[in-house]
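# Descriptive structure summary
Residue-level listing of the chains:
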Amino acid sequence: MNRRFIISGTDTGIGKTVFSAALTHALQAHYWKPVQSGLDEETDSEVVARLGGVPRARILPEAYRLKMPASPHLSARLENVTIEPELLFPPDIDGPLVIEGAGGLLVPLTDKLLFADIFACWRIPLILCARTSLGTINHTLLSLEALRQREIPVHGVVFIGDENRENQRIIADIGGVRSLGRLPHLPEMNAEALHQAFTQQFDLADFQEVPA
């Protein structure tokens, strides 16, 4: 069974690339970052390869690679690049696929197109990464509303950070969403520690029930 997931976040810097690395490894999946903004430092694809221990053959090339670390619409404009929606279509591959967005759901790709608009066309189950810390309730519930308004299927929420049972509970209850688990902050971030944390904090069966 081919499983496909979109990984998005309630904001930038949530930790969705780290979770993407863990999930890609756990599912032995391919990984695809449609648009990469910022090439001077380690890219998200390179992080997933390193932290996930994912072979380069399973890291699919980005549709767009933009040098400036900014919102894709701005990076593309400054580099005289036009992001074409028809080029942002999930690769047809055998086996599981993890697709990572950029920043939050409403990050613009062009002056008229948001990442959420692309996700709405794909109709692939989405996993929303959220902080556990102060402010996460509002950000996460707003993100869930944006997803449901566009009829994007929500597979569940992944919390990232120190445990905050009340924040996690109220988001799941009010948001009417499944909590898939929590990825804690790791004192030493490496592939072994990440794989161990995923195994301890998540049930792999929760990610093996989605049809192609």
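Residues numbered from 1 in each chain as written. Predicted model: local features only at pLDDT ≥ 70, side-chain atom pairs only at ≥ 80, totals over all residues. Heavy atoms only, no water.

## Quick look at the pairing of strand β7 (residues 126–131)
β7 sits mainly inside the fold: five of its six residues count as buried. In this structure, strand β1 (residues 4–9) lies alongside β7, joined through four bridges in parallel fashion. Bridging across to β7, S8 finds its partner in L128. Here six bridges tie β7 to strand β8 (residues 154–160), and the two strands are oriented parallel to one another. Counted as the bridge partner of R131 is I160 from β8. Considered for its hand, the β-α-β crossover made up of β7, helix α5 (residues 136–149) and β8 is right-handed. (Buried < 20%, exposed > 50% of the residue type's maximum accessible area, 1.4 Å probe, protein only. Helix = DSSP H or I, 4+ residues; strand = E, 2+ residues; numbered from the N terminus. Pairing = 2+ DSSP bridges. Right-handed = clockwise from strand over helix to strand, strands pointing away.)

## Details of the UniProt feature "active site" (unreviewed entry) in the protein
Per the UniProt record, "active site" (unreviewed entry) is annotated on K33. Along the polypeptide, K33 turns up in the loop between β2 (30–32) and β3 (35–37). Classification of K33 by relative accessible area gives buried; the value is 3%. Residue contacts for K33: discarding those within four places in its chain leaves D44, S45, E62, A63, E100, G101 and A102. (UniProt positions renumbered as here; feature names shortened; annotations may be inferred. Contact = heavy atoms within 4.5 Å.)

## Describing the packing of aromatic side chains
Throughout the structure, instances matching the rule amount to ten aromatic pairs. Taking 5.6 Å as the distance between ring centres and 50 degrees as the angle between the ring planes, the aromatic pair formed by F19 and F202 counts as tilted. Residue F19 is located in helix α1 (residues 16–27), and its partner F202 is located in the segment after α7 (191–201); the two are separated by 183 residues in the primary sequence. F202 carries the same exposure label as F19, and that label is buried. Aromatic ring contacts, followed pair by pair, group F5, F19, F198, F202 and F207 into a single cluster. (Phe/Tyr/Trp six-rings, centres within 6.5 Å; stacked < 30°, edge-to-face > 60°.)

## Describing the UniProt feature "binding site: substrate" (unreviewed entry) in the protein
UniProt marks S37 with the feature "binding site: substrate" (unreviewed entry), using the numbering shown here. Structurally, S37 can be placed in strand β3. The exposure class assigned to S37 is buried, which follows from its relative accessible area of 18%. A distance of 3.3 Å separates a polar side-chain atom of S37 from the backbone oxygen of A70. (Polar contact = N/O pair within 3.5 Å; in protein donor to acceptor, adjacent residues only side chain to side chain.)

## Structural notes on the pattern of salt bridges
Overall, the coordinates contain twelve salt bridges when judged by the stated rule. For R169, the salt bridge is made with E166, and the minimal N-O distance between the two is 2.7 Å. Taken as a pair, R169 and E166 lie in helix α6 (residues 165–175) at a separation of three residues, close to a single helical turn. Judged by its relative accessible area of 39%, R169 falls in the partly exposed class. Taken together, the shared-partner salt bridges in this structure form one network comprising K33, D44 and E100. (Salt bridge = Lys/Arg side-chain N within 4 Å of Asp/Glu carboxyl O.)

## Describing the side chain of K16
The topology assignment puts K16 in helix α1. Here K16 occupies a buried position and makes no salt bridge, while the nearest side chain of opposite charge, E100, is found at 4.4 Å. Of note is the side chain of K16, whose polar atom sits 3.4 Å from the backbone oxygen of G103. Leave out the neighbours within four places in its chain, and K16 touches I7, S8, G9, D11, E100, G101, A102, G103, C129 and I160. (Lys, Arg positive; Asp, Glu negative; His and termini not counted.)

## Focus on α6
Among all positions in α6, only N167, Q168, I170, I171, A172 and G175 are buried. Packed against the buried residues of α6 are α5, β8 and β9 (179–183). Once α6 finishes, G176 follows within two positions and takes phi at roughly 60 degrees, a positive value.

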